[in-house]
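# Examining the three-dimensional arrangement
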Amino acid sequence: NLVGVSLANRGNIRGAFMIENAPVRSLSHKGLTIEGYSRAAVQSYWRVPELKLGFDLGGQPWGFMATSTWFISHTHLDHIAALPVYVARRRMMKMDPPTIYVPEKAIGRIERLLRAVEDLDKGRLPCTLLPACPGVEIELSREHVVTVSSTCHTLPSVGYVVWDRRRKLKNEYQGFTGDQIRDLRLSGIDVTDEVRTPLVAYLGDSNPDGLDRCPAMYEAMILIAEMTFVAKSHRRENIHKYGHMHLEDFLARRERFQNEVIIAAHYSTRYTDDRIQRILSKRLPDLLDGRLQVWL
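This report concerns the structure included in the present document. Note that the structure is a prediction, hence the values are computed from the model and not measured. (Residues numbered from 1 in each chain as written. Predicted model: local features only at pLDDT ≥ 70, side-chain atom pairs only at ≥ 80, totals over all residues. Heavy atoms only, no water.)

## Topic: the environment of Asp-209
Selection criterion: Numbering of helices and strands starts at the N terminus; helices are DSSP runs of H or I of at least 4 residues and strands are runs of E of at least 2. Three exposure classes are used, based on accessible area relative to the maximum for each residue type with a 1.4 Å probe and protein chains only: buried under 20%, partly exposed in between, and exposed over 50%.
Along the chain, the position of Asp-209 falls in helix H5 (residues 208-212). Residue Asp-209 is classed as partly exposed on the basis of its relative accessible area, which comes to 43%. Between the C-alpha atoms of Asp-209 and Ala-231, which are 22 residues apart in sequence, the distance is 20 Å.

In structure tokens form, the structure reads like this:
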């Protein structure tokens, strides 16, 4: 699924040509589009254009460059290798510096990485790096907020949930006229409650504990999760020790998933796509009632 991006008449460029892009898959559900690709030890990157945000920068498709807010789960290279490239491309295209959230313990190291690349490249890498701390809420807009949860990997790692938030008239004021509601507001009474709905959850790399400790991930409309291993010959206890999930972990939690869409990705390169499909068709033929998307 290589996507070619045709650029024509940009700046002094004349004519059209094709850029070999990174692989991208796309899925749309109830007004949200999930775009991206993930393969263990190769590259992981996702974005939701309607929410103007992305998760992880293990690769950087050209089409993702306009997205200016990113949330990094951890610092393994298949999740951050393209971070300097992404920042440099935005500077080259005279775009505003992006905002990038990273696990708090990683900020200093990422700053040093960017400074080293600046020295090698002799070009500035302007961006805003901010800490993503478990339990913290990050304001995106009046309608959306991101919460951060701790996950379980081999180095500091976090997951993210994007919430829709709306104001709803409190039950005790249902049936009041518009004038009555206006008068209550003018008198200083808050007549609404905030109602939140989890829209998109991103697990990153984690063993099942990282999923279990954040109930909202099971409730989000769309869950993006890893399923690194699928074969029975790969023992779950060893996989969990190295911070990953197995197909059997999904089977064991089948009743907990309330999500409308579950994207399973980040498969080990030890498997061919055909082998993954064969195992899943045998062990999980209904794909969790059709909600599971096998992202290959």
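## Quick notes on the packing of aromatic side chains
For the record, the criterion: Only Phe, Tyr and Trp rings take part, Trp by its six-membered ring, and two of them pair if their centres are within 6.5 Å. Stacked means planes under 30 degrees apart, edge-to-face means over 60, and tilted covers everything else. The criterion for a charge sitting over a ring is simple: Lys NZ or Arg CZ within 6 Å of the ring centre, and within 35 degrees of the ring normal.
Using the criterion set out here, one finds 13 aromatic pairs in the structure. Both rings, one in Tyr-37 and one in Tyr-45, keep their centres 6.4 Å apart while their planes meet at 40 degrees; by these two values the pair is tilted. Classification of Tyr-45 by relative accessible area gives buried; the value is 0%. Consider the rings of Tyr-218 and Phe-257, whose centres lie 5.2 Å apart with planes at 55 degrees: the pair is tilted. Highlighted residues: Tyr-218 in helix H6 (residues 215-219) and Phe-257 in the loop between helix H8 (247-252) and strand E15 (261-265), separated in sequence by 39 residues. Relative accessible area serves as the criterion here: at 3%, Tyr-218 is assigned to the buried category. The ring of Trp-295 carries Arg-25 above its face, with NZ or CZ at 4.6 Å from the centroid. Taking the ring centre of Trp-62 as reference, the NZ or CZ of Arg-89 above it sits at 4.6 Å.

## Points about the layout of surface pockets
Keep this limit in mind: Lining residues are those with an atom within 4 Å of a point, where the points come from a 1 Å grid over the protein atoms alone and group into cavities, where a 1.4 Å probe fits but cannot get out, or pockets, open sets with protein on both sides within 12 Å along at least five of seven lines. Grid points are joined across faces, edges and corners, and a volume is the space filled by probe spheres set on the points. Polarity classes work like this: nonpolar for Ala, Val, Leu, Ile, Met, Phe, Trp, Tyr, Cys and Pro, charged for Asp, Glu, Lys and Arg, and polar for all others, with Gly in that last group.
Put simply, the largest pocket is a space of about 190 Å³. Around the largest pocket, the lining comprises 13 residues; the ones closest to its centre are Ala-40, Ala-41, Thr-228, His-244 and His-266. Counted by class, the lining of the largest pocket contains three nonpolar, seven polar and three charged residues.

## Regarding the packing of helix H2 (residues 83-92) against helix H3 (residues 107-121)
When two helices pack together, their arrangement is given by the angle between the helix axes and the distance between those axes. Keep this limit in mind: A fitted line through C-alpha atoms represents every axis, and for helices the fit uses only the stretch in contact; the resulting angles, taken between N-to-C directions, go from 0 to 180 degrees. These descriptions rest on fixed angle ranges, namely under 35 degrees for roughly parallel, over 145 for roughly antiparallel, 65 to 115 for roughly perpendicular, and the rest for oblique. Should the near helix be turned anticlockwise from the far one by less than a right angle, the crossing is left-handed, and should it be turned clockwise, the crossing is right-handed. We call two residues in contact whenever any of their non-hydrogen atoms come within 4.5 Å of each other.
One way to put it is that H2 packs onto H3 with a least axis distance of 10 Å and a crossing angle of 60 degrees. With respect to each other, H2 and H3 are oriented oblique. Considering the relative orientation of H2 and H3, their crossing is right-handed. Residues Leu-83, Pro-84 and Arg-91 of H2 form the contact with H3, whose participating residues are Ile-110, Leu-113, Leu-114, Val-117 and Asp-121. Counted by class, the contact of H2 with H3 contains six nonpolar, no polar and two charged residues.

## Let's talk about H2
Counting buried residues in H2 gives seven out of ten residues, a clear majority hidden from the surface. Listing the buried residues of H2 in full gives Leu-83, Pro-84, Tyr-86, Val-87, Ala-88, Arg-89 and Arg-90. Of the surrounding elements, those touching the buried residues of H2 are strand E6 (53-57), strand E7 (69-71), helix H1 (77-80), strand E8 (99-103) and H3.

## A word on the pattern of salt bridges
As a reminder, the rule being used: Salt bridge criterion: a side-chain nitrogen from Lys or Arg within 4 Å of a carboxyl oxygen from Asp or Glu.
Per the stated rule, a full pass over the model turns up 20 salt bridges. The salt bridge partner of Arg-47 is Glu-35, with a shortest N-O separation of 2.7 Å. Separated by twelve residues along the polypeptide, Arg-47 in strand E5 (residues 43-48) and Glu-35 in strand E4 (residues 32-39) bring together distant segments of the chain. In this pair, the class of Arg-47 matches that of Glu-35, namely buried. The partner of Arg-182 in a salt bridge is Asp-179, and the shortest N-O contact between them spans 3.5 Å. Here the residue Arg-182 and the residue Asp-179 both occupy positions in helix H4 (residues 178-186), the gap between them amounting to three residues, near one helical turn. On the basis of relative accessible area, Asp-179 is assigned to the partly exposed category, the value being 48%. One connected set of salt bridges, linked through shared partners, spans Glu-137, Glu-139, Arg-165, Glu-194 and Arg-196.

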